[in-house]
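Fold and geometry: a report
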Amino acid sequence: LIGASTGGPQAIMDILPKLPADLPAGIVIVQHMPQQFTAAFARRLNSSCRITVREAVNDESVLPGHALIAPGNHHMLLKRSGTRYYVQIKDGPLVSRHRPSVDVLFRSAARYAGPNAVGVIMTGMGIDGMAGLELMQQSGAVTLAQDEKSSVVWGMPGAAVKQGCVDEVVSLQAIARRLIELSR
């Protein structure tokens, strides 16, 4: 699971094209972005990636080699039914001043995926994602934060590092490699 804000679109554009088509894990992304831009962002990513990238729809399965982008102005949660992971798209109040909120996604991952998940908090202002990442770490997930040097704004990853809920601080250039290693 990936959460990003300011500087995130370019950072995500750096990571996803490096992932192989046969990535054995699915990726779920919350990028703070207005509603009218998330579908185009997903299409642009899909055209430059070996994995399949699209804007998520409610009840869509999280599949290996696929990335789902939260639709703007909607929260996205990770859910589980048996061995099937899927996303739920919901309306609701702003959380950490955002909709979609990284905290909403990460909290649901802590509950439904626990040690089967990897949480990545990336460049962005504020603290959205910090509390959810802490819950993910407590549930046994691996937690990563983008380093300060490669972040446009180190607010979100910096807050998580200061909170002590990050297992590894990695450069933007190393995130794709770590995701591949951890998924295998």
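See the structure above.
Each value, and the rule that gives it
Residues numbered from 1 in each chain as written. Predicted model: local features only at pLDDT ≥ 70, side-chain atom pairs only at ≥ 80, totals over all residues. Heavy atoms only, no water. Helix = DSSP H or I, 4+ residues; strand = E, 2+ residues; numbered from the N terminus. Buried < 20%, exposed > 50% of the residue type's maximum accessible area, 1.4 Å probe, protein only. Areas by Shrake-Rupley, 256 points an atom, 1.4 Å probe, with all protein chains shown as cover. Contact = heavy atoms within 4.5 Å. Arc of directions from axis to C-beta. Pairing = 2+ DSSP bridges. Axes fitted to C-alpha atoms, helices over the stretch in contact; angles between N-to-C directions. Right-handed = clockwise from strand over helix to strand, strands pointing away. Core = buried A, V, L, I, M, F, W, Y, C linked by side-chain atoms within 4.5 Å.

1. A closer look at the overall build of the protein chain
Each helix and strand in the protein chain was counted, giving 6 helices and 9 strands. The dimensions of the protein chain, computed from C-alpha atoms along their principal axes, are 35 × 35 × 35 Å. A burial count over the protein chain gives 54% of its 184 residues as buried. For the protein chain, the accessible surface area stands at approximately 7900 Å², while carbon and sulfur atoms represent 52% of it.

2. Quick notes on the side chain of S150
Note that S150 resides in the loop between strand 8 (142-146) and helix 5 (155-163). Ignoring any residue separated from it by four or fewer positions in sequence, one finds S150 in contact with S171, L172 and Q173.

3. Remarks on helix 2 (residues 35-48)
Given 3.6 residues per turn, any residue in an α-helix points the same way as the ones three and four places further on. Taken together, the buried positions of helix 2 are T38, F41, A42 and L45. Looking straight down helix 2, one finds its buried side chains confined to an arc of 100°; they lie on one side. Projecting away from the buried face of helix 2 at angles above 90 degrees are the exposed residues Q36, R43 and S47.

4. A closer look at the sheet that holds strand 3 (residues 52-55)
The strand order 3-4-2-1-7-8-9 describes an open sheet built from 7 strands, whose pairing is parallel. Edge strands, defined here as strands with exactly one partner in the open sheet, are strand 3 and strand 9 (168-170). Neighbouring strand axes in the sheet, compared pairwise and without regard to direction, differ in orientation by 20° on average. The pairing of strand 1 (residues 2-4) with strand 7 (residues 118-121) spans 2 bridges and is parallel. Bridge pairing in strand 7 links I2 to V120. Docked against the sheet, helix 1 (residues 8-15) engages strand 1, strand 2 (27-31) and strand 8, running at close to 160° with respect to strand 2. Along the sheet, helix 2 makes contact with strand 2, strand 3 and strand 4 (66-69), crossing strand 3 at roughly 175°.

5. What to know about the pairing of strand 7
Burial along strand 7 is two-sided: V118 and V120 facing one way and G119 and I121 facing the other are all buried. With 4 bridges connecting them, strand 7 and strand 8 associate as parallel partners. Counted as the bridge partner of G119 is T143 from strand 8. With helix 4 (residues 130-138) bridging strand 7 and the parallel strand 8, this β-α-β connection has right-handed handedness.

6. Focus: the nonpolar core
Ranked by size, the top nonpolar core spans 31 residues in total, and within it L16, L19, I27, V53 and M122 carry the most contacts. When residues of this core are traced back to their parent elements, those giving at least two are strand 1, helix 1, strand 2, helix 2, strand 4, strand 7 and helix 6 (172-183). Here the element with the most residues in this core is helix 6; it accounts for 6 residues. Setting aside its immediate chain neighbours within four residues, L19 contacts I27, R50, I51, A176, L179 and I180.

7. Here's the deal with helix 1
Those residues of helix 1 that fall on the buried side of the exposure criterion are G8, A11, I12, M13 and I15. Against the buried residues of helix 1 lie strand 1, strand 2, helix 2, strand 8 and helix 6.

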